[in-house]
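What follows is each chain in one-letter form.
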Amino acid sequence: MLLAGQGLSMAGDAVCLAALPLAVVHAGLTADIFGFLMAAVGIGTVVGAIAGGVLADSRSPKHVLIATDVSRGTVQISVAAQMTCGAPSWCLVFAYLVFGIGIGISRPCTQVLLANLLPKEALIAGNGAMNFLDNLVAVIFPATLGVLIIVWDPVWGVLIDGVTFFAAAMFTVLVPNQGRLDCDDEFSMRNAFDGLAIIARKRELLLGFLATFFVNVFCFPVFLVVAPYAVSDRFSDTMWGICLAASGLGACLGSVITVLASGHRRLIALAVACGVLLCAALALLGLGDFGWMAVLGATSVGIVEASWLTGWATAMQTHSPEKDLGKVVAVDTFVTGGLHPFIYVGGSLVGQAVGYAHTLTIAAVVSAAGTLAIGLVAAKRTARRVTYDQMQ
């Protein structure tokens, strides 16, 4: 039921993301308003993640997730009405700030609820299924239903997204009550960053968190904001569309690979493998002279993204104390969501200054350096542990 509900909301999100930029223009607003809307979502996600981590650990994650789905559905329906009625842009910005807060709260709750529903050995399959479905609908729905809605009236894409959130809430209601139910524990935001201390104390989580910085926080956003221009400059706009589709299909493949390989059990090895593959992918995108190189690079980026997110999510669920899992996920969401806007802006500025292809090459070097550092730290800690065991 949880997978079905989240799948519906993912499909709605994919259609909305394709339609929203045009819906903004059709509403008589300037195109730059779309950037403000996305910024509001990003800020709201960071703020909501902190509250979501505490709520997921102190309240029923199922009930909180239902509330966030209903609130996000209400926001999207109100946005569709505001666009139709010609509401001022600040109303839309405020609405999407609330929408982002809902996203931030929902992420820790989804992870905690999944950990409550599944035994530990099945968590990798559950996370893999979530990521596979997310990437699959991101490829299929914008190219099919999204195109039809854009041709008809883009605002319907926003409305459909709102409806899918209500449907997701209905499916979540049917999920069995597992784990912590609503209780009278004090809700304190002072506990929000306890997850940071937990990450610092656990070797696997600490190295995984550092790997997340290089893979998810730094290199993947650079791909999103720099690769479109690098590929289009050397080849064509059509080639970038092919690369984007290849990245989505690669992400579907990456989820499956990590599940089959049980990547979460060898998190450091997974981090090193993802870092090496990401370095090669960015180098292909930045230096490749043939179209197939760009497509292969984009596919590899998709594989890395989904592989790491699947393995990292499962590692957080299995290595974190059950009562603090929400806070650990909240810290991860806070850091990634908080740094992404700076990486987006920085990648764009560096791309304009030194060239987009050169920027991808620089990102490949940074990925290689980060991967080497993580590998050396992991090897050093392993050697220390072996020496300690021999002395006992």
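This write-up is about the structure you can find in this document. Here the structure is a predicted model, which means the values were calculated and not measured.

Some points on the overall build of the chain
Alright, step 1. A tally of regular secondary structure across the chain gives 14 helices and zero strands.
Alright, step 2. Each helix (α) and strand (β) of the chain, taken in turn from the N terminus, gives the series α-α-α-α-α-α-α-α-α-α-α-α-α-α.
Alright, step 3. Of all 392 residues assigned to the chain, the portion counted as buried reaches 50%.
Alright, step 4. Put simply, 87% of the contacts in the chain that link residues at least 6 apart link residues at least 24 apart.
Alright, step 5. Counting only carbon and sulfur atoms, one obtains 71% of the accessible surface of the chain, whose full area is about 17200 Å².

A look at the nonpolar core
Alright, step 1. Of all hydrophobic cores here, the largest spans 51 residues; its most connected members are Phe223, Leu282, Trp308, Trp312 and Leu360.
Alright, step 2. Considering every element that reaches this core, the biggest residue donor is helix H9 (residues 203–234), with 14 residues.
Alright, step 3. With residues near it in sequence (within four places) discarded, Leu360 still touches Val222, Val226, Ala227, Ala230, Leu282, Leu285 and Gly286.
Alright, step 4. Grouped together as the second largest cluster of nonpolar side chains are 21 residues, Tyr96, Phe99, Val158 and Phe165 included.

So, the packing of helix H8 (residues 194–201) against helix H13 (residues 325–354)
Alright, step 1. Running from N to C, H8 and H13 cross one another at 90°; their axes reach a closest spacing of 7 Å. On the basis of their axis angle, the class for H8 and H13 is roughly perpendicular. Here H8 contributes Asp194, Gly195, Leu196, Ile198 and Ile199 to the contact with H13, which in turn contributes Lys327, Val328 and Val331.
Alright, step 2. For the contact of H8 with H13, a count of residues per class yields five nonpolar, one polar and two charged.

Let's talk about the pattern of salt bridges
Alright, step 1. Going through the model one piece at a time under the given rule, you end up with two salt bridges.
Alright, step 2. The residue Arg72 makes a salt bridge to Asp69 at a minimum N-O spacing of 2.8 Å. Of the two residues, Arg72 and Asp69 are both situated in helix H3 (residues 61–85); the distance of three residues between them amounts to about one turn of the helix.
Alright, step 3. You can call Asp69 buried: its relative accessible area is 0%.
Alright, step 4. Arg203 is paired through a salt bridge with Glu204; the nearest N and O atoms lie 3.2 Å apart.

Describing empty space enclosed by the protein
Alright, step 1. Here the structure, examined in full by the defined rule, presents two cavities of 30 Å³ or more.
Alright, step 2. Taken as a whole, the largest cavity spans an internal volume of roughly 40 Å³.
Alright, step 3. Taken together, Val215, Asn216, Phe220, Leu278, Val301, Val304, Glu305, Trp308 and Leu309 form the lining of the largest cavity.
Alright, step 4. Counting only elements with at least two residues in the lining of the largest cavity, the list comes to H9 and helix H12 (291–319).
Alright, step 5. Ranked by residues supplied to the lining of the largest cavity, first place goes to H12 with five residues.

Some words on a nonpolar patch on the surface
Alright, step 1. Side chains of Val70, Ile77, Val163 and Phe166 sit close together on the surface and give an oily, nonpolar patch of about 280 Å² of accessible area.
Alright, step 2. Counting only elements with at least two residues in the nonpolar patch, the list comes to H3 and helix H7 (155–173).
Alright, step 3. With respect to the helices, strands and loops of the structure, Val70 is situated in helix H3.
Alright, step 4. What makes Val70 partly exposed here is its relative accessible area of 32%.

A look at the packing of aromatic side chains
Aromatic rings considered in pairs are described by the distance between their centres and by the relative angle of their planes.
Alright, step 1. Using the criterion set out here, one finds four aromatic pairs in the structure.
Alright, step 2. On the basis of an interplanar angle of 75° and a centroid distance of 5.6 Å, the ring pair of Tyr96 and Phe99 is categorised as edge-to-face. Here Tyr96 pairs with Phe99, and both are found in helix H4 (residues 89–117), just three residues apart, close to one helical turn.
Alright, step 3. Measuring from centroid to centroid gives 6.0 Å for Trp308 and Trp312, while their planes differ by 5°, and the two rings are stacked. In this pair, Trp308 and Trp312 both sit in helix H12, four residues apart, roughly one turn of the helix. You'll find Trp308 and Trp312 in the same group, each marked buried.
Alright, step 4. By the ring-pair criterion, three or more aromatic residues cluster together here, those being Tyr96, Phe99 and Phe165.

A word on the environment of Gly288
Alright, step 1. You can see Gly288 is positioned in the loop between helix H11 (267–287) and H12.
Alright, step 2. The exposure class of Gly288 is buried, given its relative accessible area of 3%.
Alright, step 3. For the pair formed by Gly288 and Ala357, sequence separation is 69 residues and the distance between their alpha carbons is 9.4 Å.
Alright, step 4. With residues up to four places along the chain from it excluded, the contact list for Gly288 reads Arg234, Phe235, Ala283 and Met293.

Examining the packing of H9 against helix H10 (residues 237–261)
Alright, step 1. Packing of H9 against H10 brings their axes to within 8 Å, and their N-to-C directions diverge by 140°. Overall, the two elements H9 and H10 adopt an arrangement that is oblique. Our pair here, H9 against H10, has a crossing hand that is right-handed. Facing Phe223, Ala227, Pro228, Val231 and Ser232 of H9, the residues of H10 in contact are Asp237, Met239, Trp240, Cys243 and Ser247.
Alright, step 2. Among the residues making up the contact of H9 with H10, the classes are represented as seven nonpolar, two polar and one charged.

Points about the side chain of Ser300
Alright, step 1. With respect to the helices, strands and loops of the structure, Ser300 is situated in helix H12.
Alright, step 2. Separated by 2.9 Å, the side chain of Ser300 and the backbone oxygen of Leu296 make a polar contact.
Alright, step 3. Setting aside anything within four residues of it in sequence, one finds Ser300 in contact with Leu277 and Ala281.

The rules behind each value
Residues numbered from 1 in each chain as written. Predicted model: local features only at pLDDT ≥ 70, side-chain atom pairs only at ≥ 80, totals over all residues. Heavy atoms only, no water. Helix = DSSP H or I, 4+ residues; strand = E, 2+ residues; numbered from the N terminus. Buried < 20%, exposed > 50% of the residue type's maximum accessible area, 1.4 Å probe, protein only. Contact = heavy atoms within 4.5 Å. Areas by Shrake-Rupley, 256 points an atom, 1.4 Å probe, with all protein chains shown as cover. Core = buried A, V, L, I, M, F, W, Y, C linked by side-chain atoms within 4.5 Å. Axes fitted to C-alpha atoms, helices over the stretch in contact; angles between N-to-C directions. Parallel < 35°, antiparallel > 145°, perpendicular 65-115°, else oblique. Nonpolar A, V, L, I, M, F, W, Y, C, P; charged D, E, K, R; others polar. Salt bridge = Lys/Arg side-chain N within 4 Å of Asp/Glu carboxyl O. 1 Å grid on protein atoms, 1.4 Å probe; cavity = no way out; pocket = protein on both sides within 12 Å on 5 of 7 lines; lining within 4 Å. Points joined across faces, edges and corners; volume = space filled by probe spheres on them. Patch = residues over 30% accessible without salt bridge, like charges linked within 9 Å, V, L, I, M, F, W, Y side chains within 5 Å. Phe/Tyr/Trp six-rings, centres within 6.5 Å; stacked < 30°, edge-to-face > 60°. Left-handed = near helix turned anticlockwise from the far one by under 90°. Polar contact = N/O pair within 3.5 Å; in protein donor to acceptor, adjacent residues only side chain to side chain.

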